[in-house]
Structure formats: C-alpha cells, structure tokens
Amino acid sequence: MRLSVQKPTAVRKAALAITIDGMKWTVPPTTLHGSKRAEMLARCRQAQKPIKVRIDHLLDLPDNDRFMALDLVREIGECQVFVNEVKQLGLLDGTLALMNNSPDIERARRGKMAALEAAVLTCPDALDLQCSRIKERMKAIGIKGIQQRDLERDARNILQHLSGPFHN
C-alpha cells in the first residue's frame, strides 16, 4: 500500500491523519474502502506504540466518507483521538469537539450526524446517554430546539440501517 508521509498541505484533503509507531500517514478517502482499508488496518494491528488518529477534517467529508472514516477509527480499536492537537476522551468526544457555533447549517448537520454515527459505532447499547451528551454540546454551541428523543430516533435509524441485510 502506498501512503504518503503527512505534509501540512496534504492534511486538508485527508480524511484522517494516523500516527503509527511514530510515522505519520495521511488517509485520503480512497483508503477508507476496500483493500487499502484492510492494509491500513493490518498496519495498525502491528503497531508497537499507541496509535494516534487526528480527525480535524472529518466534517469536510461527504457523508459516506465521513461514516467510513469513523468506522475505520472504530475498527482500529484502541487509539488516541485528537482534534486540533488536543487529545480527546474517545471518538464521540472528538466529534463533539469538531462542532462549533458556525452559522453554516450544512456543517452543523454534518457535526450532528458525525456525533450520532460515532455514538452508534462506539456504544450502541447506551444511545440515550450518548444522545444526551450530543444534545448538551449542541445547546452549548447555541443550537436550540434539539430534542433528545429526536436524536435517539435518528441514532436508532442509523443503527437499524447498519443492522440491515446489506451491512452484516
């Protein structure tokens, strides 16, 4: 697999930036699918040091690529998630840290969806707790009118979609 060594200008186009045993890799959206994904996961499984994953540009990705990036992080397993050089407690916290009070409705939608997807991928048996955290973050950044029951419904819809016949 050919992965490029991380360059400051390349990070903007990468879905993720992953540090494996001190070597920094950019992960373009094309690496999120198929054999390149499998090769990246194999490399991660061989790591001797904790894996670091930067998700700074997650909300810049189209929906499918964003979900595949989140799923890749989930599949890596034990890793440290960073947003803007700040270590997060986990994948959900990372997605919550990406959310801001931008007037861009599309970015707010992508932030909400990323957080819901992270919740479903990392802790599907506690969606009520995860959705409560999402609602609180959205409220903290000035997004009003979000109901927890609506977030839980959306999260269950994502989970149901993932459990469908084509996603086993």
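Please read all numbers here as calculations on a predicted model, not as lab measurements.

(A) Examining the overall build of the chain more closely. On a plain count of helices and strands, the chain comes out with six helices and five strands. The buried share among the 168 residues of the chain stands at 45%. Summarising the internal contacts of the chain: among those between residues at least 6 apart in sequence, 62% fall at separations of at least 24. A total accessible area of about 9,400 Å² is found for the chain, and carbon and sulfur atoms account for 52% of it.

(B) Up close: a positive patch on the surface. On the surface, K24, K49, K52 and K87 cluster together to form a positively charged patch. Here K49 shows up in the loop between α1 (34-45) and β3 (51-54). The exposure class of K49 is exposed, given its relative accessible area of 52%.

(C) Fine view of the pattern of salt bridges. By the definition in use, this model includes 17 salt bridges. For R54, the salt bridge identified is with D56, shortest N-O distance 2.2 Å. In the salt-bridge network here, residues are joined through shared partners; they are D63, R66, E106, R109, R110 and E117.

(D) Representation of the environment of G77. Summarising the element assignment, G77 is placed in the loop between α2 (63-76) and β4 (79-83). For G77, a relative accessible area of 37% translates into the label partly exposed. For G77 and I51, which are 26 residues apart along the polypeptide, the C-alpha to C-alpha distance reads 9.3 Å.

(E) Highlighting helix α3 (residues 91-98). Most of α3 sits out of view: seven of its eight residues are buried. Three or more residues of α3 are buried, namely L91, L92, D93, G94, T95, L96 and L98. The inward-facing, buried residues of α3 abut α2, β4, α4 (105-122) and α5 (127-140).

(F) Quick look at the pairing of β4. In the sheet, β3 pairs with β4 via four bridges, with the strands oriented parallel. Opposite R54, over in β4, you have F82 as the bridge partner. Each parallel crossover has a hand, and for β3 linked through α2 to β4 it is right-handed. As paired strands, β4 and strand β5 (residues 86-87) are joined by two bridges and run antiparallel to one another. Note on β5: the bridge partner recorded for F82 is K87. With antiparallel pairing between neighbouring strands as the criterion, β4 and β5 make up a hairpin whose turn holds two residues, including N84 at a positive phi of roughly 50 degrees.

(G) Representation of the layout of surface pockets within the structure. In this structure, the largest pocket spans a volume of roughly 290 Å³. If you go around the largest pocket, you meet 17 residues; those closest to its centre are G77, C79, L89, G90 and L91. Those elements giving two or more residues to the lining of the largest pocket turn out to be α2, β4, α3 and α5. Considered class by class, the residues forming the lining of the largest pocket number seven nonpolar, six polar and four charged.

Definitions and cut-offs
Residues numbered from 1 in each chain as written. Predicted model: local features only at pLDDT ≥ 70, side-chain atom pairs only at ≥ 80, totals over all residues. Heavy atoms only, no water. Helix = DSSP H or I, 4+ residues; strand = E, 2+ residues; numbered from the N terminus. Buried < 20%, exposed > 50% of the residue type's maximum accessible area, 1.4 Å probe, protein only. Contact = heavy atoms within 4.5 Å. Areas by Shrake-Rupley, 256 points an atom, 1.4 Å probe, with all protein chains shown as cover. Patch = residues over 30% accessible without salt bridge, like charges linked within 9 Å, V, L, I, M, F, W, Y side chains within 5 Å. Salt bridge = Lys/Arg side-chain N within 4 Å of Asp/Glu carboxyl O. Lys, Arg positive; Asp, Glu negative; His and termini not counted. Charge placed at Lys NZ, Arg CZ, Asp CG, Glu CD. Pairing = 2+ DSSP bridges. Right-handed = clockwise from strand over helix to strand, strands pointing away. 1 Å grid on protein atoms, 1.4 Å probe; cavity = no way out; pocket = protein on both sides within 12 Å on 5 of 7 lines; lining within 4 Å. Points joined across faces, edges and corners; volume = space filled by probe spheres on them. Nonpolar A, V, L, I, M, F, W, Y, C, P; charged D, E, K, R; others polar.

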